[in-house]
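Chain and residue survey
Given next are the chains, with one letter for each unit.
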Amino acid sequence: MRTIQIGHSPDADDLFMYYAIAFGWVGNAFTFQNQALDIQTLNEMALQGSLDISAISFGVYPFLAQEQALLRTGVSFGEGYGPKLIKKKGKTLKKNFKVALSGKHTTNALLFKIAYPHARIHYKNFLEIEKAVLDDEVDAGVLIHESILQYDCSLEVECEIWDIWSDLNKQNLPLPLGGMCLRRSMPLSVAIECEEILTKAIEVALKNKPLLSKMLLERNLVRVDLENLKHYLNLYANEDSISLSHTQLEAINVLFKLGFDHKLCPQILDVNDCLIPKEYKDFRNQ
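Residues numbered from 1 in each chain as written. Predicted model: local features only at pLDDT ≥ 70, side-chain atom pairs only at ≥ 80, totals over all residues. Heavy atoms only, no water.

**Let's talk about the packing of helix H5 (residues 161-169) against helix H9 (residues 246-261)**
For any two helices packed against each other, the geometry is given by the interaxial angle and the distance between the axes. Packing of H5 against H9 brings their axes to within 11 Å, and their N-to-C directions diverge by 85°. With respect to H9, the element H5 is oriented roughly perpendicular. Taking contact as the criterion, the partners of Trp165, Leu168 and Asn169 in H5 are, on H9, Ala251, Val254, Leu255 and Leu258. Classifying every residue of the contact of H5 with H9 by side-chain character gives six nonpolar, one polar and no charged. (Axes fitted to C-alpha atoms, helices over the stretch in contact; angles between N-to-C directions. Helix = DSSP H or I, 4+ residues; strand = E, 2+ residues; numbered from the N terminus. Parallel < 35°, antiparallel > 145°, perpendicular 65-115°, else oblique. Contact = heavy atoms within 4.5 Å. Nonpolar A, V, L, I, M, F, W, Y, C, P; charged D, E, K, R; others polar.)

**Some words on the environment of Asp273**
Residue position: Asp273 is located in the loop between H9 and helix H10 (279-285). For Asp273, a relative accessible area of 61% translates into the label exposed. Along the chain, Asp273 and Ala69 lie 204 residues apart, while their C-alpha atoms are 8.9 Å from each other. (Buried < 20%, exposed > 50% of the residue type's maximum accessible area, 1.4 Å probe, protein only.)

**Concerning helix H2 (residues 39-48)**
Listing the buried residues of H2 in full gives Ile39, Gln40, Leu42, Asn43, Met45 and Ala46. Packing partners of the buried residues in H2 comprise strand S1 (3-8), strand S2 (31-36), strand S3 (53-57), strand S4 (68-70) and strand S11 (175-183). Capping the start of H2 is the job of one residue whose side-chain oxygen sits 3.2 Å from the backbone nitrogen of Gln40: Asp38. Gly49 sits one or two positions beyond H2 and adopts a positive phi of about 70°. (Polar contact = N/O pair within 3.5 Å; in protein donor to acceptor, adjacent residues only side chain to side chain.)

**Let's talk about the nonpolar core**
One broad trend across soluble globular proteins is that nonpolar side chains are buried collectively. In terms of nonpolar packing, the biggest core is built from 104 residues, with Phe16, Ile53, Tyr61 and Trp165 touching the most fellow members. Here the element with the most residues in this core is helix H6 (residues 188-207); it accounts for 11 residues. Setting aside residues up to four positions removed in sequence, Tyr61 forms contacts with Ile56, Gln68, Ala69, Leu70, Arg184, Phe256, Leu269 and Cys274. (Core = buried A, V, L, I, M, F, W, Y, C linked by side-chain atoms within 4.5 Å.)

**Observations regarding unusual backbone geometry**
Of note in the backbone geometry, Lys170 takes a positive phi value of approximately 60° without being a glycine. Positive phi, normally seen in glycine, also occurs at Asn172, with a value near 55°. Its place among the elements puts Asn172 in the loop between H5 and S11.

**Examining the pattern of salt bridges**
Counted under the stated rule, the structure contains 14 salt bridges. Where Asp135 meets Lys131, a salt bridge forms, and the shortest distance between an N and an O atom there is 2.5 Å. Asp135 gets classed as partly exposed once you look at its relative accessible area, which sits at 46%. On the basis of relative accessibility, which here comes to 55%, the residue Lys131 falls in the exposed class. In this structure, Arg223 engages Glu146 in a salt bridge whose closest nitrogen and oxygen atoms are separated by 2.6 Å. A residue pair is termed long-range when its members are at least 10 positions apart, and Arg223 in the loop between helix H7 (209-218) and helix H8 (226-236) and Glu146 in the loop between strand S9 (140-143) and strand S10 (155-160) qualify at 77 residues. According to the relative accessible area criterion, Arg223 is partly exposed, its value standing at 38%. Residue Glu146 is classed as buried on the basis of its relative accessible area of 6%. Salt bridges sharing common partners tie together Lys87, Glu156 and Glu158. (Salt bridge = Lys/Arg side-chain N within 4 Å of Asp/Glu carboxyl O.)

**Points about the environment of Gln68**
Within the secondary structure layout, Gln68 lies in strand S4. For Gln68, a relative accessible area of 1% corresponds to the buried category. Distance from Gln68 to Arg184, taken between C-alpha atoms, is 5.1 Å for residues 116 residues apart in sequence. In terms of polar contacts, Gln68 uses its side chain to reach the backbone carbonyl oxygen of Ala46, at 3.2 Å.

If you want it as structure tokens, here you go:
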């Protein structure tokens, strides 16, 4: 049985979308070996081609498009919400304020750099950002994942990354945060089957959300309580995570163009050219 190396982040939505496979509910065509790593580490591993399949920030994809194809499934978008730039209450940020971001190639870093070109950036693990602000190591920080739900009462939101995105795209498009990529060197028939299995895993997870949520909590796999888990999954692991829609594809293209226009990405792409050609399966079976 072929072994597929897959990487996902340790946040609740990635765990939720993957663990129907880990629990053996779907995906018995391959042996999946998973790693839970912070998103910037996953971005770097995708750049190096270290994994067969990996969760990534959409912001990194233009740097690895030659070697990796985008999957249609396992996506997280913001709809009026997303990462938050936080600071201590009452603090006035200077033009060149120090800020902690969760990684060089994250989507929130791309949009932050466009909005705040003079900020002095320090990259940190996403779990360390709130403390860095509280300890005055930095003036502000961008919170991601479950950190957006609860943070110290001495902190306040300076800016929502969603607002930056809305000002830039002008079309009320959803905010493309994270997706999944797959090594192009993988046989196409295997790649198509992997995408189908991952898609099925999310469908099964959503149909069994109470049970899967309970199992994740019982195994201490998530960092939030039940109520916050429900809220977080409603935001980032929902029906819109199953397969990219036309609107989501359009939003990703806008993000790619913004990155290129602001000289933060090396090339401009059409996301439709980056997807696995799943029609190959029908053609092969004719």
